[in-house]
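Residues per chain, in single letters:
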Amino acid sequence: RKEVEQDPGPFNVPEGATVAFNCTYSNSASQSFFWYRQDCRKEPKLLMSVYSSGNEDGRFTAQLNRASQYISLLIRDSKLSDSATYLCVVNLYSGYALNFGKGTSLLVTP
Amino acid sequence: EPEVTQTPSHQVTQMGQEVILRCVPISNHLYFYWYRQILGQKVEFLVSFYNNEISEKSEIFDDQFSVERPDGSNFTLKIRSTKLEDSAMYFCASSEGHSGDTEAFFGQGTRLTVV
């Protein structure tokens, strides 16, 4: 299993749609999980941390399934401004390194 | 809002030359990092720096690479003898606490092109 794996997409959705991204990670002992957003040729920016019980921030919901080593991000009521690449990030080995997935590209169309 | 700043935004260098990429982390942060992203690839960890020493490095961070915090504000990445495959976007990041526990803030990146 690759360390952090994501479906690369692209996901093309109309405004207002709900879209879900998935991610799997290789180390069952991992403790810290995040979703970052990266706009084209820009730096990654933290979207939200992912907690064991699941968490929500406005239109964004993150879920963690430790048994399946699986993380998800749900975006409701998509906006044009949500168009970006969404990076699944895991602190795989509890060191200082963040391990990034390759990202899932989202394009929201009018 | 405090931010991580990097200079230059774009650097073109000839193969075999030394380059120094510069970063000013957020002032109250204690942990500093360099990551790189080759075009079309994932973001990869290079090195972390805490308490004036390297706390972790990846396999990519070989003897050609070094980091330094020469004063209280700057954090630099030096590549001694650049190769074509060093062409990438290099991101500096900083965090208040350990990156597993607190948000890592990334700079806007330096695009390094080795010709």
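Residues numbered from 1 in each chain as written. Chains lettered and ligands numbered in written order. Predicted model: local features only at pLDDT ≥ 70, side-chain atom pairs only at ≥ 80, totals over all residues. Heavy atoms only, no water.

Turning our eyes to something else, we now look at the overall build of chain B. Per the secondary structure count, chain B includes 0 helices and 11 strands. Mapped from its N terminus to its C terminus, chain B presents α and β elements in the order β-β-β-β-β-β-β-β-β-β-β. Since a compact globule built from 115 residues should have a radius of gyration of about 13 Å, the 13 Å found for chain B is in line with a globular shape. Principal-axis analysis of the C-alpha atoms places the extent of chain B at approximately 35 × 30 × 25 Å. By residue count, 44% of the 115 residues in chain B fall in the buried class. A separation of at least 24 residues holds for 55% of the contacts in chain B among residues at least 6 apart in sequence. If you sum the accessible surface of chain B, you get close to 5700 Å²; carbon and sulfur atoms cover 45% of it. On chain B, the mean spot of the 9 positive side-chain charges and the mean spot of the 16 negative ones are 7 Å from each other. (Helix = DSSP H or I, 4+ residues; strand = E, 2+ residues; numbered from the N terminus. Rg over C-alpha atoms; globule rule 2.2 N^0.38 Å. Buried < 20%, exposed > 50% of the residue type's maximum accessible area, 1.4 Å probe, protein only. Contact = heavy atoms within 4.5 Å. Areas by Shrake-Rupley, 256 points an atom, 1.4 Å probe, with all protein chains shown as cover. Lys, Arg positive; Asp, Glu negative; His and termini not counted. Charge placed at Lys NZ, Arg CZ, Asp CG, Glu CD.)

Facing 25 residues of chain B, the contacting portion of chain A comprises 19 residues. Buried area between chain B and chain A, summed over both chains or domains, comes out near 1900 Å², and the portion from carbon and sulfur atoms is 56%. Counting across the chain B and chain A interface gives 0 salt bridges. At the junction of chain B and chain A, the tally comes to 8 residue pairs in polar contact (both at pLDDT 80 or more). Residue assignment for the side of chain B that touches chain A shows that the elements contributing at least two residues are strand 4 (31-37), strand 5 (43-50), strand 6 (53-57), strand 9 (88-95) and strand 10 (104-106) of chain B. (Buried area = accessible area lost by both parts, 1.4 Å probe. Salt bridge = Lys/Arg side-chain N within 4 Å of Asp/Glu carboxyl O. Polar contact = N/O pair within 3.5 Å; in protein donor to acceptor, adjacent residues only side chain to side chain.)

Attention now moves to the packing of aromatic side chains. Two aromatic rings, taken as a pair, are described by how far apart their centres are and by the angle between their planes. Evaluation of the coordinates by the stated rule reveals 18 aromatic pairs over all chains. Seen in terms of ring centroids, A:Y36 and B:F106 are 5.9 Å apart; in terms of plane orientation they differ by 85°. Their pairing is edge-to-face. In this pair, A:Y36 sits in strand 4 (residues 32-38) while B:F106 sits in strand 10, so the two residues belong to two different chains. In this pair, the class of A:Y36 matches that of B:F106, namely buried. Taken together, the ring pairs in this structure connect A:F34, A:Y36, A:F100, B:Y33, B:Y35, B:F45, B:F91 and B:F106 into an aromatic cluster. (Phe/Tyr/Trp six-rings, centres within 6.5 Å; stacked < 30°, edge-to-face > 60°.)

With that settled, consider unusual backbone geometry. Across the junction of A:G9 and A:P10, the peptide omega takes the value 5°, indicating a cis bond. On the secondary structure map, A:P10 appears in the loop between strand 1 (4-6) and strand 2 (11-14). Here B:T7 and B:P8 are connected by a cis peptide whose omega angle stands at -10°. Locating B:P8 in the fold gives a position in the loop between strand 1 (5-7) and strand 2 (10-13). Notably, A:S94 is not glycine yet its phi reads approximately 60°, a positive angle. Among the secondary structure elements, A:S94 is positioned in the loop between strand 9 (84-91) and strand 10 (99-100). The phi torsion at B:N52 lies on the positive side, around 65°, for a residue other than glycine.

Another aspect to go through is the pattern of salt bridges. Oppositely charged side chains may form a pair once their charged atoms are brought near each other. Residue and element names in this part refer to chain A. Per the counting criterion, the structure on display carries 5 salt bridges over all chains. The shortest N-O distance in the salt bridge between E56 and R76 comes to 3.6 Å. A residue pair is termed long-range when its members are at least 10 positions apart, and E56 in strand 6 (residues 55-57) and R76 in the loop between strand 8 (70-75) and strand 9 qualify at 20 residues. Classification of R76 by relative accessible area gives partly exposed; the value is 27%. K79 is the salt-bridge partner of D77, the closest N and O atoms lying 2.9 Å from each other.

Strands pair in a sheet through their backbones, by hydrogen bonds, and they do so in one of two ways: parallel or antiparallel. All names here are of chain A. Pairing in this open sheet of 5 strands is antiparallel, and the strands run 1-3-8-7-6 from one edge to the other. The sheet is open, and its two edges are formed by strand 1 and strand 6, each paired on a single side. Pairwise comparison of adjacent strand axes, ignoring direction, gives a mean angle of 20° for this sheet. As paired strands, strand 3 (residues 19-25) and strand 8 are joined by 6 bridges and run antiparallel to one another. Within strand 8, the residue paired with F21 across the bridge is L73. (Pairing = 2+ DSSP bridges. Axes fitted to C-alpha atoms, helices over the stretch in contact; angles between N-to-C directions.)

All names here are of chain B. On the secondary structure map, F49 appears in strand 5. Relative accessible area serves as the criterion here: at 7%, F49 is assigned to the buried category. Linking F49 and V67, residues 18 residues apart in sequence, is a C-alpha distance of 8.2 Å. Among all residues touching F49, those that are not within four sequence positions of it are L30, Y31, F32, I54, S55, V67, R69 and F75.

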